[in-house]
Amino acid sequence: MNPEHFALLNEARRSLPDGFKVELSGDTIVMMVSPSGIHQRNLLLVRRQFDRHAPADLLPSENTDLVSPAVGKSRNPDLTYLPGEALETSANQVPAESAAVAVELVSPSNPENDWVGKVRDYPLMGIPLYLLVDARQKTVTLFSRPDGARYHRREDVEFGETLHIPEPFGFDLVTGDLLPY
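All of the points below concern the structure found in this document. (Residues numbered from 1 in each chain as written. Predicted model: local features only at pLDDT ≥ 70, side-chain atom pairs only at ≥ 80, totals over all residues. Heavy atoms only, no water.)

Judged by which residues are buried, strand S4 (residues 65-68) turns out to be covered on both faces: Asp65 and Val67 on one side and Leu66 and Ser68 on the other are all buried. Examined bridge by bridge, S4 and strand S7 (residues 93-95) share 3 bridges and lie parallel to one another. If you follow Val67 over to S7, its bridge partner there is Pro95. Looking at chain direction, S4 and strand S5 (residues 73-75) are connected through 3 bridges and run antiparallel. Paired with Ser68 across the two strands is Lys73, which belongs to S5. In textbook terms, the turn of a hairpin is the stretch between consecutive antiparallel strands, and for S4 and S5 this stretch comprises 4 residues, one of which, Gly72, has a positive phi near 65°. (Buried < 20%, exposed > 50% of the residue type's maximum accessible area, 1.4 Å probe, protein only. Helix = DSSP H or I, 4+ residues; strand = E, 2+ residues; numbered from the N terminus. Pairing = 2+ DSSP bridges.)

Structure (structure tokens):
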């Protein structure tokens with residue numbers, strides 16, 4: 001990662017008030033405000049299902065900075081699952097390639113960040129599964145089978161349908177209780 005970009009990213013993190021998070025995508029710093037109640041509720045409903053099916057060696061982590069210095073990316077998904085040893089650090093970031101999944105709930109104020117920027121960045125960062133919950137459109141989308149440049153598979157369902165989450169989780173995600181904005 002460009003040292004100047006890293007310094008700017010750290011300065012942005014230090015100077016923002018509580019409730020904001022910061023990400024880096026190439027030359028762009030993305031800042032976001034705290035999520036709404038519906039966002040948090042939907043995230044918790046999704047997390048409960050992942051928690052029941054996560055392998056014992058994977059731990060859930062919310063708002064963890066995933067970094068890929070080689071491709072100049074730092075992203076902060078709403079939820080990820082990481083090997084326990086990845087979290088045995090006093091650093092505020094972990095290598096992105098250790099993540100088993102990135103889960104994002106689309107921000108109504110900046111949907112392009114989730115639908116464009118992260119669809120582009122997560123496969124570059126080596127994240128095998130990207131689950132995108134869009135309460136605006138009442139849809140859940142799973143991107144999978146990355147090749148280091150892009151995801152080769154996309155599956156979409158509407159709220160109320162189930163979506164199969166592949167290994168290492170291996171379960172059908174139930175979306176009937178998710179709320180729209």
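This part covers the sheet that holds strand S3 (residues 58-61). Taken in spatial order, the 6 strands line up as S3-S6-S8-S9-S10-S11 in an open sheet, and their pairing is mixed. Edge positions in the open sheet fall to S3 and strand S11 (151-158), since each of these has one partner strand only. Neighbour to neighbour, the strand axes of the sheet diverge by 20° on average, direction disregarded. Looking at chain direction, S3 and strand S6 (residues 79-83) are connected through 4 bridges and run antiparallel. Within S6, the residue paired with Leu58 across the bridge is Pro83. (Axes fitted to C-alpha atoms, helices over the stretch in contact; angles between N-to-C directions.)

The next thing to look at is unusual backbone geometry. Here the residue pair Glu167 and Pro168 is connected by a cis peptide bond, since its omega of 20° sits within 30 degrees of zero. Tracing the chain through its elements places Pro168 in the loop between strand S12 (162-165) and strand S13 (171-174). Backbone geometry places Lys138, a non-glycine residue, at a positive phi of 60°. By the element assignment, Lys138 lies in the loop between strand S9 (130-134) and strand S10 (139-146). By relative accessible area, Lys138 is classed as partly exposed at 44%. Phi at Arg145 takes a positive value of approximately 55°, unusual for a residue other than glycine. Tracing the backbone shows Arg145 in strand S10.

On their own, these measurements won't tell you what the molecule is for.
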